[in-house]
Amino acid sequence: MSPASTGASTIVDAASFVPAADSRMTPGGPGYRRMSLALFLAGVATFALLYSTQALLPLISGDFGVAASEASWTVAAATGGLALFVLPMSALSERYGRRTVMTASLAVAVTVGLLVPFAPSLGALVVLRAVQGAALAGLPASATAYLAEEVRPKALVTAIGLFVAGNSVGGMSGRVITGWVAQEWGWRVALGVIGALAVGCAVAFRLLLPAPRHFTAGSLRPRVLARTVRDHLSDPLLRRLYAIGALFMTVFGGVYTVIGYRLTEAPFALPQGIVGSIFLVYLVGTVSASTAGRLVGRLGRRGALYLAGGTTAAGLLLSLADSLLPVLLGLVLITAGFFAGHAVASSAVGKTATTGRAQASALYQSAYYIGSSTGSTVGAMAFHSGGWAGTVGVGLLAVLGVVTITVLGTRAARRRTFAAAH
């Protein structure tokens, strides 16, 4: 992929010289650490809230007397709400600013998070979760656009990797905390604790995030928005990246929606607290996401995607064992492959789109969370009909899709290179 023109200076001796006019942040520079920590905490709050019910699904099923496929809607509703509203929220961020929209989104999401534990029925819980997901839609696309505007291009993959790492920490902590709290006091108290944690992250985020210096307000006119979206969807590379994000998340959503049911049943029969602790493997995702920049530097974007897909597939196959250790190792590989692939694909979207970055990122996030909703629902249905092997089959089909799309991209790049040479 040809990098977008960024105005960066050329290399003049052993080091890169950046003119004083380029005031974008870089590692070690002013504001970079505050920005990284702020967006890391935003990622923690987003994923802790978004997937707060996932580790609790067996308890929710028992409390409301419903099957896994019905309880899984508490996850699918949140991710579906995010997928539907991420594009409109990105348009608001183009007009009113990234920091403003992210702050408002977190404020609404944490408020709903404090109401969720009091849901009187499964239907009410699903509705609240959908509202919460819609509110969180202002975070992912706005954060990626903020980074693309405020961070120098060479540091962009690393910066986005840190944001994705915050997602993994949030997803992990939310599930681990809810698992142990629910074991003692029930799933409602567990969701209340996550809501309180998210409030703290939201306050710290607003205090830490530096004011944007390179944001230019855009238009809210529907015609302008439609034209921007059409331009992004007409770009073959962006379409491939959107599909890759959706397919990776289909695997991840399916696996982690169903894994709690599998581990609480025979032959494992683990207690809820231990099942919640299984999500500590998200730490692997923190590492793989934050090192995605170095991976791309060594293997190239497509090479990194091949490696991420292969790692995910190996983990799926390993998880078929009926022994706990191979299952845990399989989850480690699935998690590492998913977060690496997600960080690579999402950062490539930010580099490819030179205009309407918020919309480009929003389309990626929409596809990504549609994949999550699809994975949660289809994975649960496959588990209901075919057991864990059914869920793994869905995941392997999604990985095959990632590899196929990447192969097509590789061939398209070779054709362009051949045409340019002749």
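Residues numbered from 1 in each chain as written. Predicted model: local features only at pLDDT ≥ 70, side-chain atom pairs only at ≥ 80, totals over all residues. Heavy atoms only, no water.

(A) Representation of a nonpolar patch on the surface. A contiguous nonpolar patch, built from Leu114, Val199, Val203 and Leu207 and spanning about 350 Å² of accessible area, is present on the exposed surface. For Val199, the location among the structural elements is in helix α9 (residues 187–208). (Patch = residues over 30% accessible without salt bridge, like charges linked within 9 Å, V, L, I, M, F, W, Y side chains within 5 Å. Areas by Shrake-Rupley, 256 points an atom, 1.4 Å probe, with all protein chains shown as cover. Salt bridge = Lys/Arg side-chain N within 4 Å of Asp/Glu carboxyl O. Helix = DSSP H or I, 4+ residues; strand = E, 2+ residues; numbered from the N terminus.)

(B) Seen up close, helix α15 (residues 324–352). For α15, with 29 residues, the first-to-last C-alpha span of 42 Å sits near the 42 Å given by 1.5 Å per residue. Most of α15 sits inside the fold, with 21 of its 29 residues counted as buried. (Expected span 1.5 Å × (residues − 1). Buried < 20%, exposed > 50% of the residue type's maximum accessible area, 1.4 Å probe, protein only.)

(C) Molecular detail of the environment of Leu208. Along the chain, Leu208 falls in helix α9. The spacing of Leu208 and Leu41 is 167 residues in sequence and 9.7 Å in space, taken between C-alpha atoms. If we ignore the near neighbours within four places in the chain, the residues touching Leu208 are Arg34, Leu37, Ala38 and Leu41. (Contact = heavy atoms within 4.5 Å.)

(D) Main features of the packing of helix α1 (residues 32–50) against helix α8 (residues 156–185). For the pair α1 and α8, the least separation of the axes is 7 Å and the interaxial angle reads 35°. Remark: the crossing between α1 and α8 carries right-handed chirality. On α8, the residues touching Tyr32, Ser36, Leu39, Phe40, Gly43, Val44, Phe47 and Ala48 of α1 are Thr158, Ala159, Leu162, Phe163, Ala165, Gly166, Asn167, Val169, Gly170, Gly171, Ser173 and Gly174. Of the residues contributing to the contact of α1 with α8, the split by class is 11 nonpolar, nine polar and no charged. (Axes fitted to C-alpha atoms, helices over the stretch in contact; angles between N-to-C directions. Left-handed = near helix turned anticlockwise from the far one by under 90°. Nonpolar A, V, L, I, M, F, W, Y, C, P; charged D, E, K, R; others polar.)

(E) Structural context of the packing of aromatic side chains. Counted under the stated rule, the structure contains 11 aromatic pairs. Here Phe338 and Tyr368 contribute two aromatic rings whose centre-to-centre distance is 6.2 Å and whose plane-to-plane angle is 20°, an arrangement assigned as stacked. Here Phe338, found in helix α15, pairs with Tyr368, found in helix α16 (residues 357–421); they are 30 residues apart in sequence, far enough to count as distant. For Phe338, a relative accessible area of 1% puts it in the buried group. Taken together through their ring pairs, the aromatic side chains of Phe252, Tyr256, Phe279, Phe338, Phe339, Tyr364, Tyr368 and Tyr369 make up a single cluster. (Phe/Tyr/Trp six-rings, centres within 6.5 Å; stacked < 30°, edge-to-face > 60°.)

(F) A look at the nonpolar core. Among the nonpolar cores identified, the biggest contains 126 residues, and Met35, Leu39, Leu147 and Tyr256 are the most heavily contacted of them. Per-element tally for this core: the top contributor is helix α11 (residues 236–264), with 16 residues. (Core = buried A, V, L, I, M, F, W, Y, C linked by side-chain atoms within 4.5 Å.)

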